Amino acid sequence: MAEVAFENVTKVYSGNVRAIENLNLNIKDKEFIVLVGPSGCGKTTALRMIAGLEEITEGNLYIGERRVNDVAPKDRDIAMVFQSYALYPHMSVYDNMAFGLKLRKVPKSEIDRRVKEAAQMLGIPQLLDRKPKALSGGQRQRVALGRAIVREPAVYLMDEPLSNLDAKLRVQTRTEISKLHQRVQTTTVYVTHDQTEAMTMGDRIAVMREGVLQQLDTPEVLYDRPVNTFVAGFIGSPAMNFFDVRVDSEGESVYLTHDAFRVEVPARMRQDVGRYKGQEVILGIRPENIDVMTDVEDRQAANIRVDVVEPLGNEIILYLLAADHPFVARVSPDHRAAPGQQVAVSFDLDKIHVFDKQTEQTILNA
């Protein structure tokens, strides 16, 4: 078991392309941490630096107590699961899982024990004699996981291991990986661009953007208290809605004013938001924190238009327009909104987020 620590790590490619910028990240022993972000954000580069497949330009990387900047990949005590299964087509499942142990001259009896235990753990003991071409995608991914498990390393590294699976298999395998981690209790670093995977699997999530760590915290904190608009918009599906609003005041009351609506800021938020009086800020609200009212007696209040209705069985996603500004609401499946209908909305003021328009950093999280 081991901790992994990035200490002021920077990675610069030729042409002064800065893939990672001054990364400080401590991954705890036995922790399942997810690196998440859009393509090109640096998450895979960070993973490959742990594996020793990318050199570090500046800073230090530690696995346990050992600085590993100059340690060869084979000597780092890590096991990696790739996006592609990378199985040897001419070998059986058993031999694919055993191959790395044979290279390390592990005794034959120990190899047999580890392979069969891993196969049992993953539910594939009946597949040990098959070749990869006779396996489904999900089975191949289990074999790739098994090959990593038998190594019994200090750290598992997983680079988008579910991206080649269909939606149903992705959910199933995601659950299996989580259960596997609970059993083996080995430090795991998992890379994905899928925020649903990140939210459901990670003990903590590191959100990255253009090589810079934006926020590192538990899924709950990232969702409820994002530090900036990037994290707020990236975590959550459908994504958080953002509105450019003006801060106004009347007496002691402070308001956020949009062309289509006006929101009174709760008393406990007045001081933070009131400092921006007369300026524009960004109001953030998640789709599930919007109430959409179709039966409005005062038609002047019905100033929002329904654009698209997406029924999903257990919920309905409404695509709305507020003065031509699109936003999304998540409502109950018995909601009766129809495309083209004028509606009124109200926001759960305990769940609003307000961001500085210039820096995009949070002013407050409700």
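Here we summarise the structure given alongside this text.

Rules of the game
- Residues numbered from 1 in each chain as written.
- Predicted model: local features only at pLDDT ≥ 70, side-chain atom pairs only at ≥ 80, totals over all residues.
- Heavy atoms only, no water.
- Pairing = 2+ DSSP bridges.
- Helix = DSSP H or I, 4+ residues; strand = E, 2+ residues; numbered from the N terminus.
- Axes fitted to C-alpha atoms, helices over the stretch in contact; angles between N-to-C directions.
- Buried < 20%, exposed > 50% of the residue type's maximum accessible area, 1.4 Å probe, protein only.
- Core = buried A, V, L, I, M, F, W, Y, C linked by side-chain atoms within 4.5 Å.
- Contact = heavy atoms within 4.5 Å.
- Parallel < 35°, antiparallel > 145°, perpendicular 65-115°, else oblique.
- Left-handed = near helix turned anticlockwise from the far one by under 90°.
- Nonpolar A, V, L, I, M, F, W, Y, C, P; charged D, E, K, R; others polar.
- Salt bridge = Lys/Arg side-chain N within 4 Å of Asp/Glu carboxyl O.

### A look at the sheet that holds strand S18 (residues 325–331)
Next, step 1: In spatial order, the strands read S15-S19-S16-S17-S18; together these five strands make up an open sheet with antiparallel pairing. Looking at the sheet topology across the chains shown, the edges are occupied by strand S15 (290–293) and S18. Going from strand to strand, the sheet's axes swing by 40° on average, the running direction of each strand aside.

### Re the pairing of strand S17 (residues 316–322)
Next, step 1: With six of seven residues buried, S17 lies mostly within the body of the structure.
Next, step 2: Taken together, the six bridges between strand S16 (residues 304–311) and S17 define a ladder with antiparallel strand orientation. Looking across to S17, one finds that Val-306 is bridged to Leu-320.
Next, step 3: Hairpin connection, S16 to S17: the antiparallel pair is bridged by four residues, and Gly-313 has positive phi, about 90°.
Next, step 4: With seven bridges connecting them, S17 and S18 associate as antiparallel partners. From the neighbouring strand, Leu-320 faces S18, where its bridge partner is Phe-327.

### Describing the nonpolar core
Next, step 1: Ranked by size, the top nonpolar core spans 45 residues in total, and within it Met-97, Val-115, Ile-177, Tyr-190 and Val-207 carry the most contacts.
Next, step 2: Residues contacting Val-207, with those up to four places away along its chain left out, are Val-36, Val-212, Leu-213, Gln-214, Gln-215, Leu-222, Phe-230, Val-231 and Ile-235.

### Some thoughts on the packing of helix H2 (residues 93–103) against helix H4 (residues 137–149)
Next, step 1: Here H2 crosses H4 at 30°, and the two axes come no closer than 8 Å. In terms of axis orientation, H2 runs roughly parallel to H4. Two packed elements cross with a definite hand, and for H2 against H4 that hand is right-handed. Two secondary-structure elements touch here, H2 through Val-93, Asn-96 and Met-97 and H4 through Val-143, Gly-146 and Arg-147.
Next, step 2: Among the residues forming the contact of H2 with H4, the class breakdown is three nonpolar, two polar and one charged.

### Let's talk about the sheet that holds strand S2 (residues 17–27)
Next, step 1: The four strands are arranged S2-S1-S4-S5 in an open sheet whose pairing can be described as antiparallel. What marks the edges here is a single partner per strand, and that holds for S2 and strand S5 (66–67).
Next, step 2: Where strand S1 (residues 4–13) and S2 come together, seven bridges link them in antiparallel fashion. The partner of Ala-5 across the bridge, within S2, is Asn-26.
Next, step 3: Sheet strands in contact with helix H1 (residues 43–51) are S1, S2 and strand S4 (58–63), and its direction is about 115° off that of S1.

### Considerations on the pattern of salt bridges
Next, step 1: Counted by the stated rule, this structure contains 21 salt bridges.
Next, step 2: For the salt bridge of Arg-330 with Glu-315, the shortest nitrogen-to-oxygen distance reads 2.7 Å. Taken together, the residues span a long stretch of sequence, with Arg-330 in strand S18 and Glu-315 in the loop between S16 and S17 at a distance of 15 residues.
Next, step 3: Residue class for Arg-330 comes out partly exposed when judged on its relative accessible area of 21%.
Next, step 4: Residue class for Glu-315 comes out buried when judged on its relative accessible area of 18%.
Next, step 5: Among the ionic contacts, a cluster of salt bridges with common partners joins Glu-110, Arg-113, Arg-114, Glu-117 and Glu-152.

By themselves, these figures tell us nothing about what the structure is for.
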